[in-house]
Amino acid sequence: MKKERSALSAAGTGIFTILGIVYILPILIVLMNSFKKKVYINKQPFQLPDGKTMARLENYMTAIDKYNLLSAVGWTVFITVGSVLVILVCTSMCAWYITRIKSKFTKMLYLLCVFSMVVPFQMVMFTLSLVADRTGLRTPWGIIIIYLGFGAGLAVFMFCGFVKSIPIEIEEAAMIDGCTPIRTFFSVVLPIMKPTYISVGILETMWIWNDFLLPYLVLDLNKYKTISIAIQYMKGSYGRVDMGAVMAALILAVIPVIIFYLSCQKHIIKGVAAGAVKG
């Protein structure tokens, strides 16, 4: 029996190893081609760069200087950080209110948040673009409000699940000691919600950082571009593409979110599992 379990464990490990290699292989190919001269990217896409094909940092310098990638990175960081912070603070407070105040209004509010998770973005994108244009939300500051609306459903759902597992006696003791509801939330409830905060923050960060369609529809592209939009604009006339610069830009766009995910991945399962507790 032990031998069979060992064999199954080894087989499972082998399968996951193969899947990991298959998953990471495209990223390695892009990284390898980002150091090649663009002539050889199409001719020899799977060969390692050598003295003849090596372009060193030329592709990265082209992406940064010619296509103004640093500005796109700056706006992407601003939008991502601002949106995630607003989502975390607003949705966690909303979830705490929904969970602790039992009324028809909070029940309806919770159902609306859950319902927003199943509404396809394509159903509202044209109306959203028109509303954003008329209300002056076509800026990096305005799009943060829009991201709050689209990211609230999942965040409220996860936070509500976690708040149900927090003993209400802790909050009652804080209020007896003289804490106001706001102080009770930030001093008592918020520190306890740390696992779910980290988990929701990771999921929202990866979504917003990689998002293309929403910024493309909302932002004024003459002034503001995110990384995904800047890469799209590297396509020249008649379909010509500077593949070297594109490969370098893809690496610059992917590496930060990979590092962020790897550094925080241990908190994802913990946060999701904590949010699943009903109490």
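Per chain, residues are indexed from 1 in the order of the written sequence. pLDDT decides what is reported in this predicted model: residues at 70 or higher carry local features, side-chain atom pairs at 80 or more are listed and counted, and totals for whole chains, interfaces and linings draw on all residues regardless. Water and hydrogen atoms play no part in the side-chain values, which are based on all heavy atoms of the structure.

### A short note on a nonpolar patch on the surface
Like-charged residues within 9 Å of one another, or nonpolar side chains (Val, Leu, Ile, Met, Phe, Trp, Tyr) within 5 Å, are grouped into patches, provided each residue has over 30% relative accessible area and no salt bridge. Accessible areas in this description were obtained via Shrake-Rupley with a 1.4 Å probe; residue shielding takes into account the shown protein chains only. Salt bridge, as used here, is a side-chain nitrogen of Lys or Arg placed within 4 Å of a carboxyl oxygen of Asp or Glu. A surface patch of nonpolar side chains, about 550 Å² in accessible area, is lined by Phe115, Met117, Val118, Leu154, Phe157 and Leu203. For Leu154, the position within the fold is in helix H7 (residues 140-163). Relative accessibility thresholds used throughout: buried, under 20% of the residue-type maximum; exposed, over 50%; partly exposed, between the two (1.4 Å probe, protein chains only). In this structure Leu154 comes out as partly exposed when scored by relative accessible area, which is 35%. Helix numbering and strand numbering both begin at the N terminus, where a helix is a DSSP run of H or I of at least 4 residues and a strand a DSSP run of E of at least 2.

### Examining the packing of helix H5 (residues 104-115) against H7
Running from amino to carboxyl end, H5 crosses H7 at an angle of 125°, the nearest separation of the two axes being 7 Å. Taken together, the axis directions place H5 and H7 in an arrangement best described as oblique. The crossing of H5 and H7 is left-handed. Along the contact surface, H5 presents Tyr110, Cys113 and Val114, while H7 presents Gly153, Val156, Phe157 and Cys160. Residue polarity is assigned by list, with Asp, Glu, Lys and Arg as charged and Ala, Val, Leu, Ile, Met, Phe, Trp, Tyr, Cys and Pro as nonpolar; anything else, Gly included, falls into the polar class. Within the contact of H5 with H7, the residues separate by chemical class into 6 nonpolar, 1 polar and no charged. For helices, the axis comes from a line fit to the C-alpha atoms of the stretch in contact; other axes are also lines fit to C-alpha atoms, and the angle between any two N-to-C directions lies between 0 and 180 degrees. Throughout this description, any angle smaller than 35 degrees is read as roughly parallel, any larger than 145 degrees as roughly antiparallel, any in the 65 to 115 degree range as roughly perpendicular, and the remainder as oblique. If you view the pair so one helix is near and one far, a crossing is left-handed when the near helix is turned anticlockwise from the far one by less than a right angle, and right-handed when it is turned clockwise. Any two residues whose heavy atoms approach within 4.5 Å at even a single point are treated as in contact.

### Section: the packing of helix H4 (residues 69-100) against helix H9 (residues 181-192)
Packed helices, taken two at a time, are described by their axes: the angle between them and the distance between them. The geometry of H4 relative to H9 is characterised by a closest axis approach of 12 Å and an angle of 110° between their N-to-C directions. Looking at the two axes, H4 sits roughly perpendicular to H9. Seen from above, H4 lies across H9 with right-handed handedness. Counting all contacts with H4, which are made through Ser92, Met93 and Trp96, the residues of H9 involved are Pro181, Ile182, Thr184, Phe185, Phe186 and Val189. A class-by-class count of the residues in the contact of H4 with H9 yields 7 nonpolar, 2 polar and no charged.

### With respect to the packing of aromatic side chains
Only the six-membered ring of Trp is used, alongside the rings of Phe and Tyr, when aromatic pairs are assigned; centres must lie within 6.5 Å, and planes under 30 degrees apart are stacked while those over 60 apart are edge-to-face, with the rest tilted. This model, assessed by the stated rule, comprises 12 aromatic pairs. Seen from their ring centres, Phe121 and Phe150 are 5.2 Å apart, and the 65° between their planes marks the pair as edge-to-face. Of this pair, Phe121 sits in the loop between H5 and helix H6 (125-134) while Phe150 sits in helix H7, and the two are 29 residues apart along the sequence. On the numbers, 5.2 Å between centres and 25° between planes, the contact of Phe212 with Tyr216 is stacked. Judged by its relative accessible area of 37%, Tyr216 falls in the partly exposed class. Grouping aromatic residues by their ring pairs yields a cluster made of Trp75, Phe78, Trp141 and Tyr224. Positioned above the aromatic ring of Tyr110 is the side chain of Lys164, whose terminal nitrogen or guanidinium carbon lies 5.9 Å from the ring centre. In this analysis the charged atom, NZ for Lys or CZ for Arg, is taken to sit over a ring once it is within 6 Å of the ring centre and within 35 degrees of the ring normal. The cationic tip of Lys225 hangs over the ring face of Tyr233; the distance from NZ or CZ to the ring centre is 5.0 Å.

### Notes on helix H3 (residues 58-65)
For H3, every residue scored as buried is listed here: Asn59, Tyr60 and Ala63. Burial along H3 is one-sided: seen end-on, the buried residues are contained in an arc of 100°. For H3, the exposed residues set more than 90 degrees away from the buried face come down to Glu58 and Asp65. Think of the arc as the fan of directions from the helix axis to the C-beta atoms.

### Looking at H7
The principal kink in H7, of about 50°, is found at Ala152. For H7, a buried count of 17 out of 24 residues is recorded, marking the element as mostly surrounded by other parts of the structure. Here the bend at each residue means the angle between axes fitted to two seven-residue stretches, the one ending at that residue and the one beginning there.

### Points about the nonpolar core
Membership of the largest hydrophobic core comes to 37 residues, with the highest contact counts inside it found for Ile143, Ile146, Phe159, Met193 and Leu214. Of all the secondary structure elements, the ones that give two or more residues to this core are H4, H6, H7, H9, helix H10 (194-210) and helix H11 (213-218). The dominant element in this core, judged by the number of residues it contributes, is H7, at 10 residues. Of all hydrophobic cores here, the second largest spans 13 residues; its members include Ala63, Trp209, Ala253 and Val257. Definition used in this section: a nonpolar core is a set of buried Ala, Val, Leu, Ile, Met, Phe, Trp, Tyr and Cys residues joined via side-chain atoms within 4.5 Å.

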